[in-house]
Amino acid sequence: MALYSPFKNYIWNLSVAIAMESGGRIGEIVDMCQPIIDAADNGADAGTPQFMQAWAAMGRKLLELAAEDEAKGRAFSASDKLERASLYLLVAERMQGHGTQGREETYALARDSFDRSTRLGKLSRERVEIPLENGTMSAIFTRAPGDEPRPCVVFCNGLDSCKELLYWTGMPAALARRGISTLCVDQPGTGEALRLQNLPVDPHSESWASKAVDWLEQQAEVDGSRIGMTGISLGGHFAPRAVAYEPRFASGAVWGANHNWREVQDKRMQREGENPVPHYWAHVHWAFGATDQEDFLEKSADMNLNGHMDRIKVPFLVTHGANDRQISPSYADDLYDQLVNSPRREKVIFTAREGGVEHVGADNMAYGRDLIADWFAETLGGKTA
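Bear in mind the structure is a predicted one, so any value in this text is a computation, not a measurement. (Residues numbered from 1 in each chain as written. Predicted model: local features only at pLDDT ≥ 70, side-chain atom pairs only at ≥ 80, totals over all residues. Heavy atoms only, no water.)

The subject of this paragraph is the pairing of strand E7 (residues 316-321). Across the 6 residues of E7, 6 count as buried, placing the element largely inside the fold. Here E7 shows two buried faces, one formed by Phe 316, Val 318 and His 320 and the other by Leu 317, Thr 319 and Gly 321. Bridging between strand E6 (residues 249-255) and E7 involves 4 bridges; their strand directions are parallel. Looking at the pairing, Trp 255 lines up with Thr 319 of E7. Bridging between E7 and strand E8 (residues 345-350) involves 6 bridges; their strand directions are parallel. Its bridge partner lying in E8, Val 318 is registered against Lys 347. (Buried < 20%, exposed > 50% of the residue type's maximum accessible area, 1.4 Å probe, protein only. Helix = DSSP H or I, 4+ residues; strand = E, 2+ residues; numbered from the N terminus. Pairing = 2+ DSSP bridges.)

With that settled, consider the packing of helix H1 (residues 10-21) against helix H4 (residues 75-94). Relative to each other, H1 and H4 sit at 160 degrees, their axes nearing to 10 Å. The angle between H1 and H4 places the two elements in the roughly antiparallel class. Handedness of the crossing formed by H1 with H4: right-handed. Where H1 approaches H4, its residues Leu 14, Ser 15, Ile 18 and Ala 19 are matched on the opposing element by Leu 87, Val 91 and Arg 94. Across the contact of H1 with H4, the residue classes tally to 5 nonpolar, 1 polar and 1 charged. (Axes fitted to C-alpha atoms, helices over the stretch in contact; angles between N-to-C directions. Parallel < 35°, antiparallel > 145°, perpendicular 65-115°, else oblique. Left-handed = near helix turned anticlockwise from the far one by under 90°. Contact = heavy atoms within 4.5 Å. Nonpolar A, V, L, I, M, F, W, Y, C, P; charged D, E, K, R; others polar.)

This part takes up the domain arrangement of the protein chain. We note that the domain assignment places domain 1 (10-121) and domain 2 (125-380) within the protein chain. The interface of domain 1 with domain 2 comprises 27 residues on the first partner and 30 residues on the second. Across the domain 1 to domain 2 interface the summed buried area is about 2600 Å²; carbon plus sulfur atoms make up 59%. Viewed at the interface, domain 2 and domain 1 are joined by 4 salt bridges. A salt bridge links Glu 93 to Arg 195; its shortest N-O distance comes to 2.7 Å. In this structure, the connection of domain 1 to domain 2 is made through 13 residue pairs in polar contact (both at pLDDT 80 or more). For the side of domain 1 that touches domain 2, the residue count by class is 11 nonpolar, 8 polar and 8 charged. (Domains from an automatic or database assignment. Buried area = accessible area lost by both parts, 1.4 Å probe. Salt bridge = Lys/Arg side-chain N within 4 Å of Asp/Glu carboxyl O. Polar contact = N/O pair within 3.5 Å; in protein donor to acceptor, adjacent residues only side chain to side chain.)

Time to look at unusual backbone geometry. At Ser 233, a residue that is not glycine, the phi angle is positive and equals roughly 60 degrees. Looking at the secondary structure, you find Ser 233 in the loop between strand E5 (222-232) and helix H10 (235-245). By relative accessible area, Ser 233 is classed as buried at 14%. In this model, His 279 sits at a positive phi of 50 degrees, which is unusual for a non-glycine residue. Within the fold, His 279 resides in the loop between helix H11 (261-269) and helix H12 (280-288). Among the residues examined, His 279 registers a relative accessible area of 21% and is labelled partly exposed.

So, on to a nonpolar patch on the surface. A contiguous nonpolar surface patch, about 310 Å² in accessible area, is contributed by Tyr 4, Met 20, Ile 26 and Val 30. Mapped onto the secondary structure, Tyr 4 falls in the segment before H1. (Patch = residues over 30% accessible without salt bridge, like charges linked within 9 Å, V, L, I, M, F, W, Y side chains within 5 Å. Areas by Shrake-Rupley, 256 points an atom, 1.4 Å probe, with all protein chains shown as cover.)

Read from one edge to the other, the open sheet built from 8 strands follows the order E1-E2-E4-E3-E5-E6-E7-E8, with strand pairing classed as mixed. A single partner strand is all that each edge strand has here, and the edge strands are strand E1 (126-131) and E8. Here the strands of the sheet are splayed against their neighbours by 20 degrees on average, with no regard to which way each runs. As defined by bridge partners, strand E2 (residues 136-142) adjoins strand E4 (residues 181-185) across 4 bridges and the pair is classed as antiparallel. Opposite Phe 141, over in E4, you have Leu 183 as the bridge partner. The strands touched by H10 within the sheet are strand E3 (150-156), E5, E6 and E7, with E5 carrying the most contacts at an inclination of about 150 degrees. On the sheet, helix H15 (residues 366-380) packs against E3, E5, E6, E7 and E8 and is oriented at approximately 170 degrees with respect to E6.

The subject of this paragraph is the packing of helix H3 (residues 48-71) against H4. Running from N to C, H3 and H4 point in directions that differ by 165 degrees, and their axes come no closer than 8 Å. As summarised for this structure, H3 and H4 are arranged roughly antiparallel, according to the angle between their axes. Seen from above, H3 lies across H4 with left-handed handedness. Contacts between H3 and H4 involve Phe 51, Met 52, Trp 55, Ala 56, Met 58, Gly 59, Leu 62, Leu 63, Leu 65, Ala 66, Asp 69 and Glu 70 from the first element and Ser 77, Ala 78, Lys 81, Leu 82, Arg 84, Ala 85, Tyr 88, Leu 89, Val 91, Ala 92 and Glu 93 from the second. Residue composition of the contact of H3 with H4, grouped by class: 16 nonpolar, 2 polar and 5 charged.

This paragraph deals with helix H5 (residues 103-121). Given 3.6 residues per turn, any residue in an α-helix points the same way as the ones three and four places further on. Between its terminal C-alpha atoms H5 stretches 27 Å, which fits the 27 Å expected from 19 residues at 1.5 Å a residue. Among the residues making up H5, those that are buried are Arg 103, Thr 106, Tyr 107, Ala 110, Arg 111, Ser 113, Phe 114, Ser 117, Thr 118, Leu 120 and Gly 121. Residue Lys 122 follows H5 closely and has a positive phi angle near 50 degrees. (Expected span 1.5 Å × (residues − 1).)

What follows is the structure, given as structure tokens:
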């Protein structure tokens, strides 16, 4: 496998891969991992407090260095350090169980560092709030260059990601280069919606995705007839479902096909496949607002795309890693085969030849990012050259 694996368990290595693919520096990552190598030996859950301590310490050090840069008037350098501090803090927070001491404070510090990085670096991204039926959905809006109305893609989280991690995939920059704006959202069950408003997962993703389209249609710089939708990991359920039931989407794609996530839970109860985060069952109970396992299984019953995909009547791209250890590539086959009314459907399984074979390209996001960005350029009227 191409996944960098300093630890003896997959979940910790996945977090390292996320950090590396999101702009972390290898020297800093080695410095964080080396002292806690042995802490991972007892499984994914046991040593997460040590993980938090090591990664948050690096984050705090970068905040101190950023403050020194800022005091000297070196705002761009400060912005870069704040960006990495935010990344390491978010990775540390993501590894903790719900209710862990220090988790809320770490998340707040990460969010603040990201926003300060935006301001100091004069970065082309804006925090926005989208009204929902209950509460709001925070998002990062990245505008493509140009004066005329441009296409835009709504980009949603998986089970355990957040809008900042979506931004760090490089997808907004790749799309902007192709003349397309991006709206990275913290939909219910993820990011701020879950942590700050206690909004649980809604399997019927069109309910919140439609609100994103409503908001985009009110933006003068967005062409409302050219809005696409994509999602990463569990977003491979949310994006197809939204495109199936929200007719204003003009194109869709998935970065990992999560065609029957409810079935995946049955397999995980039998210890088949890898989990994405430590303290897995506690996390999904929290994300779905469930009181116990029975309640969770009931609330996740509709996390299944069978019988819905024939409603999609726009171009749709399915991507998946050949060696995905969380979600079987067979689900990509199911999704593709059921897109019977899409005028243009395509399925790409990433192999060892190019990379991106792990779950959502954790080993190498470049190929998935480029392919999906090109897909939307071709189907929404962007540019590929």
